[in-house]
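Summary of the model geometry
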Amino acid sequence: MILFRQLHELPSELLLALLKLRQDVFILEQACLYPDIDALDLKAMHLLVFDTARSDHVICGLRILALDSQQKPSSSVAPTARIGRLVVAKDHRHQGHARQLMISAINWCKNKNHAVIQISAQTYLLGFYQSLGFNVVSDAYLEDGIEHKDMQLELN
């Protein structure tokens, strides 16, 4: 089951589960010391996938931000969306959860009339994102010590 919610709509136990999952993967597993929790979470639409056995156990999540022409967070009718913070619990990887979540996020962006979706992809995941229709639009760069490339998907 995929849940679409803004941060203030999440019950406290789900908010804690989402933030713990992001901390476990981004901060501890990937050993990146950066401020994962930021003000953008308040402006984002959050998509969560739960363990079928436990509805309070978040196994996958991401956030979607609408961006205006200056690439700043804006209303949901902005031309560009940015998907970020895609995270999957270690024991639930390679089961299709990330693909299911990304397809749901792409469809949500289409329904909100976004023309373009941008992502910052870790380079080892380029093939995954390309299989969803994203194209590389930048050279490689380091973000928090991990090589990334910018990608985008045209929705027209």
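Residues numbered from 1 in each chain as written. Predicted model: local features only at pLDDT ≥ 70, side-chain atom pairs only at ≥ 80, totals over all residues. Heavy atoms only, no water.

Our focus in this paragraph is the pairing of strand E4 (residues 80–88). In terms of residue burial, E4 counts as a mostly covered element, since seven of its nine residues are buried. The pairing of E4 with strand E5 (residues 116–122) spans three bridges and is parallel. Following the sheet pairing, Ala-81 is matched in E5 by Ile-117. Between E4 and its parallel partner E5, the chain crosses via helix H3 (residues 97–111), and the hand of that crossover is right-handed. (Buried < 20%, exposed > 50% of the residue type's maximum accessible area, 1.4 Å probe, protein only. Helix = DSSP H or I, 4+ residues; strand = E, 2+ residues; numbered from the N terminus. Pairing = 2+ DSSP bridges. Right-handed = clockwise from strand over helix to strand, strands pointing away.)

Looking now at the packing of aromatic side chains. Enumeration over the complete set of coordinates arrives at two aromatic pairs. Where Phe-128 meets Tyr-129, the ring centres are 5.0 Å apart and the plane angle is 65°; that geometry is what we call edge-to-face. Like Tyr-129, Phe-128 is buried. Look at Tyr-129 and Phe-134: their rings are 6.1 Å apart centre to centre, the planes differ by 80°, and that puts the pair in the edge-to-face class. Aromatic rings pair up to connect Phe-128, Tyr-129 and Phe-134 into one cluster. (Phe/Tyr/Trp six-rings, centres within 6.5 Å; stacked < 30°, edge-to-face > 60°.)

Next up on the list: the pattern of salt bridges. This structure, assessed with the given rule, holds eight salt bridges. For the salt bridge of Arg-22 with Asp-36, the shortest nitrogen-to-oxygen distance reads 3.0 Å. Residue Arg-22 is located in helix H1 (residues 12–29), and its partner Asp-36 is located in the loop between H1 and helix H2 (40–43); the two are separated by 14 residues in the primary sequence. We note that Arg-22, like Asp-36, is buried. We classify Asp-36 as buried; its relative accessible area is 5%. A network of salt bridges, in which partner residues are shared, links Arg-22, Asp-36, Asp-38, Asp-41, Arg-63 and Arg-85. (Salt bridge = Lys/Arg side-chain N within 4 Å of Asp/Glu carboxyl O.)

Let's shift gears to unusual backbone geometry. With a phi close to 50°, Ala-31 is a non-glycine residue in the positive phi region. Examined against the element boundaries, Ala-31 turns out to sit in the loop between H1 and H2. According to the relative accessible area criterion, Ala-31 is exposed, its value standing at 62%. Unlike most non-glycine residues, His-94 shows phi in positive territory, near 65°.

Structurally, the position occupied by Met-1 is in the segment before strand E1 (2–6). Met-1 gets classed as exposed once you look at its relative accessible area, which sits at 66%. Sequence-wise, Met-1 and Phe-50 are 49 residues apart; in three dimensions their C-alpha atoms are separated by 6.3 Å. The residues touching Met-1, leaving out its near neighbours within four places in the chain, are Leu-48, Val-49 and Phe-50. (Contact = heavy atoms within 4.5 Å.)

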